[in-house]
Amino acid sequence: MTVKPSSCLTCSLRRSYFATKLNETSDFLKANLHFDATDYASLYTRGFQDYSVILLAPQIKHVLKEATEVFRDIIVLPIPTRMFGSYDSGGVVELIRHALEGTSHKKARASLEISRQQLRDHARILSLTISIGGNNVRVSYATFANHRILYKSELVKSSFDLQDLKDLINTVKRHSDSLDCIGICMPGIINDGSVKIPMKESSTVLYKDFPVIIQSDMNLIDEIEKEFSVPVVLSNTTDMSALGYYMTHGEDKNIVFHSHQLMGGYGEASIINGQLIRGKNSIAGEINFLGKHFTRYVQNRSTGNLSNPRSVEKIVAQFIIANICLLGPDVFCISSLLVSDVSRIVKRVAKEIPEEYIPEIVAVTPEEKTDYMLLGNCRMCEEELEKTLKGLSADE
């Protein structure tokens, strides 16, 4: 039986031939490990590309804490100075083997406690979220009924199209007697049942290779409703993240939810005085259009992109300052794998804005964001069902 090698990424100030030595040693020892090399400037771009282990050279061991927080589901190990200096590739291979064998590095998912009093007793709802993570599409879904999650799961694919969506709904239906409403949230501008990815043709890196393949001229709501004969609600992922957070943290605060996706740019959603702000044709929150103006002064000149925590923190701080001036939120949520220390962002903002106007700044984990999206979807489905019931009552 052939076992797929565990991929390891070695990172140093310069790409060295140490990775070559490690591969030779792994082959000799039949350790079933494969090593690639990168420099620090590319660490946060390449690190999410299906690696099991990230090795940090002694010159950059000062970023160990930060890298461990960013790469939550990946083993991050510093290479001991003695091993690195003497090119002790055998020692490094043994170090990795012990880490892989003795550490269950996949963190147990801490499920967010969802307040479900907003869900109607009679409604059976499928809530489905489509998110971009690195080079993959992550689809999370749950069915709700009687204030309980009946079924919950997720899948990861390299791409996701309309047929994949229909197949997934059919799979869920096999676990449910019936569905009263389907809520779908995904990236992009959602307007009149269609999805537009405004930056797909852009040269600003963002959605150049967007892995969710839905035709922009297709009415996705009509397509799914025709197939499954139930009401369908289509929403934006960041909008639903904001709504889910709002529902679970007391609906008495003005909030802005800021989302940064690797290879997927930035997005925001605002709930002000209890209202989700959508704007003309749902353009509100599409801050990627501002990207080239906000990022120009912090772009990494060697790589031309925003690929490390410090650069992202600078950009997010500028967005917070802009939101304070325009909306004055009580809470500013940040969802980004590259934001590991909110306190540094607070310090940046405090240089420009008096403390009394700075909102509570909250870091949101990917797991929390998924739960917020699922719950926000449910709320939207509830509202759709209420409209349907009112319409039926009016007809009577």
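Calculation criteria
- Residues numbered from 1 in each chain as written.
- Predicted model: local features only at pLDDT ≥ 70, side-chain atom pairs only at ≥ 80, totals over all residues.
- Heavy atoms only, no water.
- Axes fitted to C-alpha atoms, helices over the stretch in contact; angles between N-to-C directions.
- Helix = DSSP H or I, 4+ residues; strand = E, 2+ residues; numbered from the N terminus.
- Parallel < 35°, antiparallel > 145°, perpendicular 65-115°, else oblique.
- Left-handed = near helix turned anticlockwise from the far one by under 90°.
- Contact = heavy atoms within 4.5 Å.
- Nonpolar A, V, L, I, M, F, W, Y, C, P; charged D, E, K, R; others polar.
- Pairing = 2+ DSSP bridges.
- Right-handed = clockwise from strand over helix to strand, strands pointing away.

With their axes 11 Å apart at the nearest point, helix 6 (residues 162-173) and helix 7 (residues 220-228) run at an angle of 40 degrees to one another. It follows that helix 6 is oblique to helix 7 by the angle criterion. Relative to helix 7, helix 6 is oriented so that their crossing is right-handed. Here helix 6 contributes L162, L165, K166, I169, N170 and K173 to the contact with helix 7, which in turn contributes L220, E223, I224, E227 and F228. Of the residues contributing to the contact of helix 6 with helix 7, the split by class is six nonpolar, one polar and four charged.

With that out of the way, let us pick up the pairing of strand 4 (residues 75-78). When strand 3 (residues 53-56) meets strand 4, the two strands line up parallel, connected through four bridges. Pairing of L56 across the sheet is with P78, part of strand 4. At this point the chain moves from strand 3, through helix 3 (residues 64-70), to the parallel strand 4, and the crossover so formed is right-handed.

All right, on to the side chain of T143 then. Position of T143 relative to the elements: it lies in strand 6 (residues 136-145). If we skip the residues at most four places from it in the chain, T143 touches I125, L126, R148, I149, L150, Y151, V172, S176 and L179.

Next up on the list: the sheet that holds strand 16 (residues 275-276). Reading across from one edge, 16-15-14-17-18 is the order of the five strands in this open sheet, with mixed pairing throughout. Across the chains shown, the open sheet's two edge strands, defined by having one partner strand only, are strand 16 and strand 18 (360-363). Sheet analysis places strand 17 (residues 331-336) next to strand 18, joined by four bridges and oriented parallel. The partner of V331 across the bridge, within strand 18, is E360. Along the sheet, helix 8 (residues 237-248) contacts strand 14 (255-261), strand 15 (265-272), strand 16, strand 17 and strand 18; its crossing angle with strand 15, the most-contacted strand, is approximately 40 degrees.

Distances and angles like these do not, on their own, reveal function.
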